[in-house]
Amino acid sequence: MATRNGRKRIVVLGGGSGGVVAATNLGRKLGDKHDVILIDKRLDHVFMPAFLFVMVGERRPHDVTRSLKQLEKHNVKFVQAEVSGIDPDLQQVELHNQKIDYDYLIVSLGMQIRPDLIPGFIEASIHPWELDGAVRLREALASFKEGRIVVGVPLGPYRCPPAPYETQWMLDSYFKKRGIRDRVEIEYFTRDPEPAGERRNPLVWMDDESRRRNIKQHYEFVVRSIDPEARVVSGLYKYEIPYDLLIMIPPHRPAQALFDCGLADTESGIRVDYETLRTKWDNVFAIGDCADMPASKAGGVAHQEGDVVAHNLAARITGRGEPVPLRLHTI
């Protein structure tokens, strides 16, 4: 254990929505009596929900990034490094050039994009699921005058399930503002079945909203490969969708380090207790997109999970307050 003169060390891996919330809350609740350390390979926190606004030119990269060093004013030490492994027996996090002991570990490493999993994807799709991609897409849209734009969803988990619909609608509004919507076709494909039922069902409402905007929907389309020269997306049963500009979400997977150390069990992430976010390892918790939860992989979910884990750890360490179960408010 990393206990030193009664001090506890809580290490948070990942500076996304969940990691920042958990670390900040712990720093505030524990003060300078214990050590809270946040580790991220990036110097900045990047606000991913704003990537679509970068895509249409309504935000710039500096508008959606903040230095993680700002957490130090909340009693959080920031270490910029990439995580290469976790040793649960020694209770250590392995970085490129050092090892850090922990008493409690919160894993919030999100999901990594894996464009290599679909043949032709890297050459074909410009997508806003990373900040640099959103900037590139902004430039591509600015020069787009007419043709077919296709928005698509792959198999497997991905960050922010509503975002593909938001992408369609923001493109619709973007080209209307430019006065060329009648020269731009927008289409959407997904592996999911066509939603059915009452309009109060969110999926039915989103489908209706896309159709109202004259956006063609392709359901149960499973991507096999992309031909960037012919500009065609190929799916099962020889079904093909041509495009002039492809905006497809890349496949997502947990960080390789989580597979290598045995903490991640599936492509959806780390199995956790749904009420406490505990993992199969003692004193290790997982929150956010890397946690295998029956909920959206979205910032709002990660925020709520970070709140609960931070509260419960602070109560355990200080002896003040009672633990609370996670009760998500989401769709």
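Residues numbered from 1 in each chain as written. Predicted model: local features only at pLDDT ≥ 70, side-chain atom pairs only at ≥ 80, totals over all residues. Heavy atoms only, no water.

Thoughts on the overall build of the protein
- Scanning the protein for helices and strands turns up 8 helices and 21 strands.
- For a compact globule of 331 residues, the expected C-alpha radius of gyration is about 20 Å, and the protein comes in at 21 Å, within 12% of that figure.
- Projected onto the principal axes, the alpha-carbon positions of the protein cover approximately 70 × 40 × 35 Å.
- In the protein, buried positions account for 55% of the 331 residues.
- The long-range share in the protein, meaning contacts at least 24 apart out of those at least 6 apart in sequence, stands at 67%.
- About 15900 Å² of surface is accessible on the protein, with carbon and sulfur atoms providing 48% of the total. (Helix = DSSP H or I, 4+ residues; strand = E, 2+ residues; numbered from the N terminus. Rg over C-alpha atoms; globule rule 2.2 N^0.38 Å. Buried < 20%, exposed > 50% of the residue type's maximum accessible area, 1.4 Å probe, protein only. Contact = heavy atoms within 4.5 Å. Areas by Shrake-Rupley, 256 points an atom, 1.4 Å probe, with all protein chains shown as cover.)

A closer look at the sheet that holds strand β6 (residues 83–87)
- Spatially, β6-β7-β8 is the arrangement adopted by the 3 strands of the open sheet, whose pairing is antiparallel. Each edge of the open sheet carries a strand with a single partner, namely β6 and β8 (99–101). Averaged over all adjacent pairs, the angle separating strand axes in this sheet is 20°, with direction ignored.
- Both β6 and strand β7 (residues 92–95) contribute to a ladder of 4 bridges, which runs antiparallel. Within β7, the position partnered with Ile86 by the bridge is Val93. (Pairing = 2+ DSSP bridges. Axes fitted to C-alpha atoms, helices over the stretch in contact; angles between N-to-C directions.)

Section: the pattern of salt bridges
- Evaluation of the coordinates by the stated rule reveals 21 salt bridges.
- Here Arg200 ties to Glu198 by a salt bridge, and the two come within 2.9 Å at their closest N and O atoms. Take Arg200 and Glu198: they sit in the same class, and that class is exposed.
- Through salt bridges with shared partners, a single network forms among Asp172, Lys176, Arg181, Glu209, Arg212 and Arg213. (Salt bridge = Lys/Arg side-chain N within 4 Å of Asp/Glu carboxyl O.)

Side note on the side chain of Asn25
- Turning to its location among the elements, Asn25 is positioned in helix α1 (residues 17–30).
- With relative accessibility at 17%, the residue Asn25 sits in the buried group.
- What Asn25 contacts, discounting residues up to four positions off in sequence, is Asp307 and Ala310.

Concerning the nonpolar core
- Counting 53 residues, the largest nonpolar core has Leu13, Ile39, Ile86, Val107 and Leu258 as its most contacted members.
- Broken down by element, the residue count for this core peaks at 6 residues, all from helix α8 (residues 299–318).
- Not counting chain neighbours up to four residues away, the residues in contact with Val107 comprise Leu13, Ile86, Leu258, Leu263, Ile270, Val284, Phe285, Ala286, Ile287 and Cys290.
- In terms of nonpolar packing, the next biggest core, distinct from the first, is built from 30 residues, Ile126, Leu137, Ala140 and Leu245 among them. (Core = buried A, V, L, I, M, F, W, Y, C linked by side-chain atoms within 4.5 Å.)

A short note on helix α5 (residues 163–177)
- When the terminal C-alpha atoms of α5 are compared, their 21 Å separation across 15 residues agrees well with the 21 Å that a helix rising 1.5 Å per residue should span.
- Judged by how many residues are buried, α5 sits mostly within the fold: 11 of 15 residues are covered.
- Restricting attention to buried positions, one finds in α5 the residues Ala163, Pro164, Tyr165, Thr167, Gln168, Trp169, Met170, Leu171, Asp172, Tyr174 and Phe175.
- Just downstream of α5, Gly179 is the residue with a positive phi angle, here 75°. (Expected span 1.5 Å × (residues − 1).)

A few points about the sheet that holds strand β14 (residues 223–227)
- Pairing within the open sheet is antiparallel, and its 3 strands lie in the order β14-β15-β16. At either margin of the open sheet sits one strand with a lone partner, and together these are β14 and β16 (240–242). Neighbour to neighbour, the strand axes of the sheet diverge by 20° on average, direction disregarded.
- Here strand β15 (residues 232–235) pairs with β16 via 3 bridges, running antiparallel. Its bridge partner lying in β16, Val233 is registered against Ile241.

Points about the packing of α1 against α8
- At a closest axis distance of 8 Å, the pairing of α1 and α8 adopts a crossing angle of 25°. One element, α1, and the other, α8, form an angle in the roughly parallel class. Our pair here, α1 against α8, has a crossing hand that is right-handed. Across the interface between the two elements, Ser17, Gly18, Val21, Ala22, Asn25, Leu26, Lys29 and Leu30 from α1 touch Gly299, Ala302, His303, Gly306, Asp307, Ala310, His311, Leu313, Ala314, Ile317 and Thr318 from α8.
- Residue composition of the contact of α1 with α8, by class: 9 nonpolar, 8 polar and 2 charged. (Parallel < 35°, antiparallel > 145°, perpendicular 65-115°, else oblique. Left-handed = near helix turned anticlockwise from the far one by under 90°. Nonpolar A, V, L, I, M, F, W, Y, C, P; charged D, E, K, R; others polar.)

Thoughts on the packing of α5 against helix α6 (residues 202–212)
- Orientation of α5 relative to α6, taken along the N-to-C sense of each, is 20°, at an axis distance of 10 Å. Judged by the inter-axis angle, α5 sits roughly parallel to α6. In this structure, α5 crosses over α6, and the sense of that crossing is left-handed. From α5, Tyr165, Gln168 and Trp169 reach across to α6, where they touch Trp205, Met206, Asp207, Glu209 and Ser210.

Remarks on the state of the cysteines
- Under the criterion given, the structure shown has 0 disulfides.
- The thiol of Cys160 is not disulfide-bonded; the next cysteine sulfur, from Cys290, is found 17 Å away.
- Classification of Cys160 by relative accessible area gives partly exposed; the value is 28%.
- Of all cysteine sulfurs, the one in Cys290 lies closest to Cys261, which takes part in no disulfide; the gap is 11 Å. (Disulfide = S-S within 2.5 Å.)

In short, geometric facts, not functional conclusions.
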